[in-house]
Amino acid sequence: MSINKMKRASIKDIARIAGVSVATVSYVLNRKEGSRISEATKIKILEVAKEINYAPNKIARSLKMSNSKLIGLIVPDISNDFFSNIARWIENEAMKLGYTILIGSSDENPDKFRQLTELFSEQQVDGMIVVPVVGSDDAIKKLLNNEYPVVSVDYYLENVNLPAVTLNNFEISEIIVDYLIDHNFEELIYVGYNTKLPHLLDRQRGFERKVRERGIIAKKVLVDMKDVTPKVHTELKKQLKITSKKTALYFLNNKIGIAGLNYLVRNKIKVPEDVSVIAFDETDAYTLFPTEVTYIRQPLEEMAVIALKLLDDQIKNFSEKGTRIVCSGELIKMKSVK
């Protein structure tokens, strides 16, 4: 039982390998009632379909079934304010187009991400909006190889050509550095992740290029994406020294921002008297901090509208061309920078 792996599987392949007609395969895969097909033949057809990775969504298209009007949404952590908020905007926009959203959290785990893509495809969702994780390239490529509509939001992948909507992360980091230097800060500390995710690396690279260009003292604190809070606390204890030098902290995202602000409160470090703070993303947790936090607001509604438009276009007319649309973040100036 073999098939060229570079060739997309078809019902003709299943029929040839199983030794039955195309019509018989269609009856079985479409679960039509009333056909006189033995249980042994049904089992054989389903086993062949599974072995040659014949995707359920492709079955639906090849048999010209009507759309399910379901869309799968995979985010790293639905409990994170950023992802829950963008999920809400995506859901609102999907309803306008007549779609219902199924949501799953990958927990930044590539195996769980793959399992969710398989689960959604088995449910015959019309397409997926995904926030990729490190190691998810193969799972996404498999979907695209089966002409499955997929759009990436927030994150993007460098080696996979798929439609995506993301932020101007590199440029916004440069804007942050310019803003802080123009406020006469002498030392900047970037607190981010030790990661391979391109959009997060863009934030780091933008920071690095601008501090080189402006010739200012800068430090980088990089932590792993698991157990963030204790790791941020440990690194800030090493790197953040309260002296007469005017210092500012730039937190990569809201999760790191919350961990960093927690460290400042616990150690009675005053903002902005002792140190100034800028954090990425908007979150209600910032409102619990004694000082209003300066932050980068991402245009979540705009990103959701674009993501749904890209996916709807892919569902109606699949294209192998992946268009990446970049939205602009906004620096919201509050009282944590002085």
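About the thresholds
- Residues numbered from 1 in each chain as written.
- Predicted model: local features only at pLDDT ≥ 70, side-chain atom pairs only at ≥ 80, totals over all residues.
- Heavy atoms only, no water.
- Axes fitted to C-alpha atoms, helices over the stretch in contact; angles between N-to-C directions.
- Helix = DSSP H or I, 4+ residues; strand = E, 2+ residues; numbered from the N terminus.
- Parallel < 35°, antiparallel > 145°, perpendicular 65-115°, else oblique.
- Left-handed = near helix turned anticlockwise from the far one by under 90°.
- Contact = heavy atoms within 4.5 Å.
- Nonpolar A, V, L, I, M, F, W, Y, C, P; charged D, E, K, R; others polar.
- Buried < 20%, exposed > 50% of the residue type's maximum accessible area, 1.4 Å probe, protein only.
- Core = buried A, V, L, I, M, F, W, Y, C linked by side-chain atoms within 4.5 Å.
- Pairing = 2+ DSSP bridges.
- Polar contact = N/O pair within 3.5 Å; in protein donor to acceptor, adjacent residues only side chain to side chain.
- Salt bridge = Lys/Arg side-chain N within 4 Å of Asp/Glu carboxyl O.

Undergrad: Would you mind showing me how to read the packing of helix α10 (residues 228-239) against helix α11 (residues 254-266) here?
TA: Interaxial distance between α10 and α11 falls to 9 Å at its minimum, and their mutual angle equals 55°. Here α10 lies oblique to α11, going by the angle between them. Pair α10 / α11 crosses with right-handed handedness. In this structure, α10 contributes V228, T229, V232, H233, L236 and K237 to the contact, and α11 contributes K255, I256, A259, G260, N262, Y263 and R266. Taken together, the residues of the contact of α10 with α11 sort by class into 6 nonpolar, 4 polar and 3 charged.

Undergrad: Is there a simple way to explain the environment of T291 in this structure?
TA: By the element assignment, T291 lies in the loop between β9 (276-280) and β10 (294-297). Of the residues examined, T291 reaches a relative accessible area of 14% and is grouped as buried. Distance in space between the C-alpha atoms of T291 and I74 is 34 Å, their sequence separation being 217 residues. Excluding residues that lie within four positions of it along the chain, T291 makes contacts with V271, P272, Y286, K335 and S336.

Undergrad: What should I look at first to understand the nonpolar core in this one?
TA: Soluble globular proteins tend to bury their nonpolar side chains together. I129, L180, L188, V191, L249, I256 and L264 are the most contacted members of the largest nonpolar core, which totals 76 residues. With 9 residues, the single largest contributor to this core is helix α12 (residues 300-316). Not counting chain neighbours up to four residues away, the residues in contact with L188 comprise V177, L180, I181, F207, V211, I216, I217, A218, K219 and A248. One finds I74, F113, A139 and L162 within the second-largest nonpolar core, a separate group that totals 17 residues.

Undergrad: Just to check I follow, could you spell out the sheet that holds strand β5 (residues 164-167) for this structure?
TA: The strands making up a sheet associate through hydrogen bonds between their backbones, and the pairing can be parallel or antiparallel. Here we have 6 strands laid out as an open sheet, ordered β2-β1-β3-β4-β5-β11, and parallel in their pairing. Pairing within the sheet leaves two strands with one partner each, and these edge strands are β2 (100-105) and β11 (324-327). When strand polarity is set aside, the average angle formed by the axes of neighbouring strands in this sheet is 20°. Examined bridge by bridge, strand β1 (residues 70-75) and β2 share 6 bridges and lie parallel to one another. Bridging from a neighbouring strand, I74 pairs with G104 of β2.

Undergrad: Would you take a moment to explain the side chain of S276 for this structure?
TA: Here S276 shows up in strand β9. Looking at S276, the relative accessible area reads 1%, which means it is buried. Within polar-contact distance, the side chain of S276 engages the backbone nitrogen of K338 at 3.2 Å. When neighbours within four sequence positions are excluded, S276 is seen to be in contact with F185, T247, A248, L249, S336, V337 and K338.

Undergrad: In this structure, what is going on with the pattern of salt bridges? I would like to understand it.
TA: Once the charged atoms of two side chains with opposite charge are near each other, the side chains can pair. The final tally for this structure, using the stated rule, is 18 salt bridges. Each of D178, D182, K210, E213 and R214 takes part in a single network of salt bridges with overlapping partners.

Undergrad: Where do I start with the environment of I45 in this structure?
TA: Take I45: it is sitting in helix α3 (residues 39-51). Spatially, the C-alpha atom of I45 lies 9.8 Å from that of I11, the residues being 34 residues apart in sequence. Beyond its immediate stretch of four places on either side in the chain, I45 contacts I14, A18, V20, T24, V25, V28 and L29.

Remember, this is a structural readout, not a statement about activity or role.
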